Amino acid sequence: MFLDKIKPLVNAHRVISFDIFDTLLIRPYVRPADLFLHLEKLQKQPGWAKHRRQAEDAARRKYAQYEDITLDEIYEELSAADSALKAEEMALERQTLQPNPEIQQVFNYAKQQGKRIIIVSDMYLPEDFLTQVLQEKGFTGFEKLYVSNAVRKLKGTGALYRHVAQELKVAPEDFLHIGDNFKSDVRRAKEAGWSAVWYPGVAHQYWAAHPREARFFKQNPCYEASVSLGVLIWAWQKARMQKEVEKPYFYRLGYAVGGPVAYGFARWIEQRALNNHTPNLFFAARDGYTLQRVFDTFQNKNLHTAYIYALRFINRICRLDYYKGALDQTSAVLKHFTQVSPKLKKAVGAIPSTAVECQTLIQKYMPQILPLAQQEFANYQAYLKKYQKFDGKVGIVDSVTFSFSAQKLIESVFGKEQVKGYYWSVIPSQESEAYGFDSFLPPTLGIETSSVYTHRWDFMEFLFTAPEPPVKNILPDGTAVYAPQVPEEEQKRIKAYRVLSDGMLAFAQDCAQIFGGRDIFVSKGHFAVAWVNSFLSYPTAEDKQEMAAIRHASDTNHAEYLPLLSYRPSAAEFWKNPKKYLRFIKRSHWKTPLQAFLVSVLSPVAAMHTPGNFTLYFLPRAQRCYGKLSLRVGRRVLAVAVGRKGE
C-alpha cells in the first residue's frame, strides 16, 4: 500500500504538499484533453475541442512573459460562439473529477499527524474553483492552494516550489511533495531542495495489472476507448482501496467487457428512437433483457420501455407464418393447435414425421385452425397493447435478424407504418427492404464477418440474453412458458448470466454517477466490435478457466449445447468419447496448442462466399489470420488466406 510506504516520510516532514490532477483527483478519461471532445459532443458543436486547444496555444504565445495562463485568457482567444462554453467546461470538470482514495488515505493520515498541508498544482483553472472542487470531493482542512496560473509560476520550472517556500517562510528541506509527474513533481521539487515522492498514477498501475486493456488503448487510442477505460480505471481503484471482496468473475466480465458495449448500443437506440419519434420501445426477449436494464439508467422521460416476448413460435401460431418445408416448424404448428383443440387432435391423430405430411394436414384442417390462430392473435394483441404507454410509433429492439419474425409480429398488432426495428445488425435478404429498421452496424451477409459480428457471435448472444430458460410460449396474461426440464448446461448459463447482467448494469450506473447522467458517447459500432474482439483475442488464464463451464445452444430448438469459448476435458473424457471431443474443440474459440493442431489437421481448407468475394482459407481454424492475398477479377475479388476464417 502506498500509505504504508510513505508514512515514515510524512512523519519526518513539517509540510506535506500534494499535486491535484492524477494524484488527489482523477479524471474518467485516459487522456485529460478528451474532456474537450466530450464537451464538444454534449454541446453538439463540431470542432470546438480543436478550437479550445488552439486557443490555449495562442494564449500561451500571447502571454509568454508569464509561466502560466488563466482560463479567462484562453477563452479570450475563442470566438463568441466557442467562448460561451466556459461555464460548461468548468461544470463538466466539477462533475467528473473523482477523489483518488489511495491518496485520500495519505491526505487524511497527514491531517491526523497534525501536519501542515498544502496543495500545489500546474493548472489554468481558477484557484477558487479548484478549492471548492477539492472540498466537495472530501479534501478539507488544507492550509493553502497554490495554482500556477494565479502566481504565474510553474512547478515544471521549479519556480512555484521556490515561491511557496518563500511565502510560507519554511525551509525547503521541511517540505514533502507527492505527485504523479516525475519531472515536475519529483525532479523539479528536489532541485528546489524539497523532498519528493513519485506516485505512480492510477492509470499507470491499471495498465500493469491489465495488459490486455493497455494493448487495446495503444492500438486504439480513440475517444471511446479513453472514456470507457477511464471508467474502468476509476472503478478498479475504488474497489481496490475499499478492500472489497473481489467481485465474481462473471460480474467483472459483465462490467469490463459487456458494460461499454451494452451502454453504447443502448445510447444508440435512445438517439435513434428520439430521431425517429418512436416513444415506445419493446425490448424483445431474451436478447433485450440487459439492454433494457441499461437503457433505463438513462431515465429518459420521453421514452417508455417494456420487456416483451415476440417469439418466432408466437409469430408462427398467430400469423401462420412459417416455412412450409421445415419439419420442425410445420410439426410444431400442427402440434400446438391439436393441443389447444381436443376435437382437432382426434381428427389429426399422430403428428406425421415429414414436413409435407404435416403441411397437408394443416391445409386440410385450415377451417378449424384459422379461428384458433385468430384467437391466439387476439390474445397476443391484448398482451402487447398494455405495454404501449405513449401514442405513436413502436420500436422493437433485438440483436440480429434475418427473417424479421419479431418485427412482423409487432407490425401485425400496430400496423407496418407504426413500427421501427432497432438491431445490432441485419443479415440482408430479399425481405429486408420491406421493413423499416436501423442497425448499429451495417447490414452484413455472413455471421462470420468479424468486423460486424465479432470473432464469435455466440459470445455476443451470451452477453445479450436473459437469466431465464428458452421460452416456448406465453399464456394470454403474458406469463412465459418454459420447457418442463431445464438442462444442466442451461442452469449454469442462467446462474452465470444473472451475475454478468448485474455487472453490465453497474457500469451504466457508474457512468450515470460519474458524469451526472450525461451521455459518454461510446456509440460507435466498430469500437464495440473491437472491444469485444480484444477480449476474444487475448484471454487470460482466468477467462479460459471460467468460460470453460459455459455451454451455448445455438440451434433453433435449443437442443445441443456446445462450448461457448473454451473446452477443457480430462483425458478420461477424451477417451470415453473422442468423436464428441473433436466436435467440441472445433467449436471452441480458445484452443490449447494441441487442440489447435488437431483441428487444423482435420480441417485444412475452407471457403467463404460473400457478394462479389470468394476467399479460400488454409488452416481456417487457426487462432488468427497469418496473411491474405487478394486479386480483383472484373467485379469479383478472389483471395487466398492462411489462418482463421472470417478475418
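Everything quoted here is computed from the prediction, not taken from an experiment. For every chain, the first residue of the written sequence is number 1, and numbering continues from 1 along that sequence. Only residues with pLDDT of at least 70 get local features here, since the model is predicted, and only at 80 or more are side-chain atom pairs given and counted; chain-wide, interface and lining totals rely on the full set of residues. Hydrogen atoms and water are omitted, and side-chain values are computed over all heavy atoms in the structure.

Considering the pairing of strand 6 (residues 175–179)
Next up, step 1: Burial classification: accessible surface area is computed with a 1.4 Å probe over protein chains only, and a residue below 20% of its type maximum counts as buried, one above 50% as exposed, and the rest as partly exposed. Only DSSP runs of H or I reaching four residues or more are called helices, and only runs of E reaching two or more are called strands; each is numbered from the N terminus. Judged by how many residues are buried, strand 6 sits mostly within the fold: five of five residues are covered.
Next up, step 2: Neither face of strand 6 is open: one carries Phe175, His177 and Gly179, the other Leu176 and Ile178, and all of them are buried.
Next up, step 3: A pair of strands is treated as paired once DSSP finds two or more bridges between them. Relative to strand 6, strand 1 (residues 15–18) is paired through four bridges, and the arrangement is parallel. Counted as the bridge partner of phenylalanine 18 is isoleucine 178 from strand 6.
Next up, step 4: Place the viewer so that the strands point away; then a crossover is right-handed whenever the path from the first strand over the helix to the second strand goes clockwise. Of the crossover connections in this fold, the one passing from strand 6 over helix 11 (residues 182–191) to the parallel strand 7 (residues 195–198) is right-handed.

What to know about the packing of aromatic side chains
Next up, step 1: A pair of Phe, Tyr and Trp rings is counted when the ring centres sit within 6.5 Å of each other, with Trp represented by its six-membered ring. The angle between the planes then sorts it: under 30 degrees is stacked, over 60 is edge-to-face, the rest tilted. Under the counting rule described, the total for this entry stands at 44 aromatic pairs.
Next up, step 2: Centroid distance phenylalanine 175 to tryptophan 194: 4.0 Å. Interplanar angle 10 degrees. Geometry classified as stacked. Here phenylalanine 175, found in strand 6, pairs with tryptophan 194, found in the loop between helix 11 and strand 7; they are 19 residues apart in sequence, far enough to count as distant. This pair shows no difference in class: phenylalanine 175 is buried, exactly as tryptophan 194 is.
Next up, step 3: Ring geometry for tyrosine 307 against tyrosine 309: centres 5.8 Å apart, planes inclined by 65 degrees, an arrangement best described as edge-to-face.

Side note on the pattern of salt bridges
Side chains bearing opposite charge may pair, as long as their charged atoms lie close to each other.
Next up, step 1: We define a salt bridge as a contact between a side-chain nitrogen of Lys or Arg and a carboxyl oxygen of Asp or Glu at a distance within 4 Å. Under the criterion given, the structure shown has 34 salt bridges.
Next up, step 2: We note a salt bridge from arginine 52 to glutamate 89, for which the minimum N-O separation is 3.0 Å. Taken together, the residues span a long stretch of sequence, with arginine 52 in helix 3 (residues 48–62) and glutamate 89 in helix 6 (residues 86–96) at a distance of 37 residues. Judged on exposure class, the residue arginine 52 and its partner glutamate 89 are both buried.

Brief notes about the environment of valine 471
Next up, step 1: If you trace the backbone, valine 471 turns up in strand 15 (residues 471–474).
Next up, step 2: Remark: the alpha-carbon pair of valine 471 and cysteine 358, spanning 113 residues in sequence, is separated by 23 Å.

Details of the environment of glutamine 132
Next up, step 1: Tracing the backbone through its elements, the reader meets glutamine 132 in helix 8 (residues 127–136).
Next up, step 2: For glutamine 132, a relative accessible area of 37% corresponds to the partly exposed category.
Next up, step 3: Linking glutamine 132 and tryptophan 268, residues 136 residues apart in sequence, is a C-alpha distance of 35 Å.

As for the environment of alanine 332
Next up, step 1: For alanine 332, the position within the fold is in helix 18 (residues 327–340).
Next up, step 2: Assessed through its relative accessible area of 25%, alanine 332 is described here as partly exposed.
Next up, step 3: Through-space distance from the C-alpha of alanine 332 to that of leucine 463 is 29 Å; in sequence the pair is 131 residues apart.
Next up, step 4: Residues count as neighbours in contact if any of their non-hydrogen atoms are within 4.5 Å of one another. Excluding residues within four positions of it along the chain, alanine 332 makes contact with Phe313 and Leu327.

With respect to the sheet that holds strand 7
Next up, step 1: A sheet is described by the order of its strands in space; here five strands give the open sequence 5-4-1-6-7, paired in parallel fashion. Here the strands that pair on one side only, and so sit at the sheet edges, are strand 5 (144–147) and strand 7. Taking the axes of each pair of neighbouring strands and ignoring which way they run, one obtains an average angle of 20 degrees across the sheet.
Next up, step 2: Where strand 1 meets strand 4 (residues 116–121), four bridges bridge the pair, whose relative direction is parallel. Considered in strand 4, the bridge of phenylalanine 18 is made with isoleucine 119.
Next up, step 3: Sheet strands in contact with helix 11 are strand 6 and strand 7, and its direction is about 160 degrees off that of strand 7. Here an angle of 0 to 180 degrees is reported between the N-to-C directions of two axes, which are lines fitted to C-alpha atoms, with helices fitted over the stretch in contact.

Observations regarding the nonpolar core
Next up, step 1: Core analysis: the largest hydrophobic core is formed by 124 residues, its most contacted members being Leu253, Trp424, Phe459, Phe462 and Met547.
Next up, step 2: It is helix 15 (residues 249–275) that contributes the most residues to this core, 14 residues altogether.
Next up, step 3: Ignoring any residue separated from it by four or fewer positions in sequence, one finds phenylalanine 462 in contact with Phe250, Leu253, Arg493, Tyr497, Leu500, Met547, Ile550 and Leu564.
Next up, step 4: What is meant by a nonpolar core is a set of buried Ala, Val, Leu, Ile, Met, Phe, Trp, Tyr and Cys residues, joined one to another through side-chain atoms within 4.5 Å. Tyr309, Phe414, Ala466 and Val471 belong to the second-largest nonpolar core, a separate cluster that totals 47 residues.

Let's talk about the packing of helix 16 (residues 289–296) against helix 25 (residues 488–515)
Next up, step 1: For the pair helix 16 and helix 25, the least separation of the axes is 9 Å and the interaxial angle reads 25 degrees. With respect to each other, helix 16 and helix 25 are oriented roughly parallel. The crossing of helix 16 and helix 25 is right-handed. Facing Tyr289, Thr290, Arg293 and Val294 of helix 16, the residues of helix 25 in contact are Tyr497, Ser501, Asp502, Met504, Leu505 and Ala508. For classification, angles of less than 35 degrees are called roughly parallel, those exceeding 145 degrees roughly antiparallel, those between 65 and 115 degrees roughly perpendicular, and all remaining angles oblique. Rotating anticlockwise by less than a right angle from the far helix to the near helix defines a left-handed crossing, while the corresponding clockwise rotation defines a right-handed one.

Observations regarding the pairing of strand 10 (residues 394–397)
Next up, step 1: Of the two faces of strand 10, the one carrying Val394 and Ile396 and the one carrying Gly395 and Val397 are both buried.
Next up, step 2: Examined bridge by bridge, strand 8 (residues 280–284) and strand 10 share four bridges and lie parallel to one another. Note that in strand 10 the partner of phenylalanine 282 across the bridge is isoleucine 396.
Next up, step 3: Looking at chain direction, strand 10 and strand 12 (residues 419–423) are connected through four bridges and run parallel. Considered in strand 12, the bridge of valine 397 is made with tyrosine 422.

Side note on helix 14 (residues 223–241)
Next up, step 1: What a helix should span is 1.5 Å times the count of its residues minus one. For helix 14, with 19 residues, the first-to-last C-alpha span of 27 Å sits near the 27 Å given by 1.5 Å per residue.
Next up, step 2: Within helix 14, 15 of the 19 residues are buried, which leaves the element mostly enclosed by the surrounding structure.
Next up, step 3: Remark: lysine 243 follows helix 14 within two positions and exhibits a positive phi of approximately 55 degrees.

What about the sheet that holds strand 12?
Next up, step 1: Read across the open sheet, the five strands follow the order 9-8-10-12-14; overall the sheet is parallel. This sheet does not close on itself; its edge strands, each paired only once, are strand 9 (304–308) and strand 14 (437–439). Neighbour-to-neighbour, the strand axes of the sheet open up by a mean angle of 20 degrees, direction not taken into account.
Next up, step 2: The sheet strands contacting helix 15 are strand 8, strand 10, strand 12 and strand 14, and the helix crosses strand 12 at an angle near 155 degrees.

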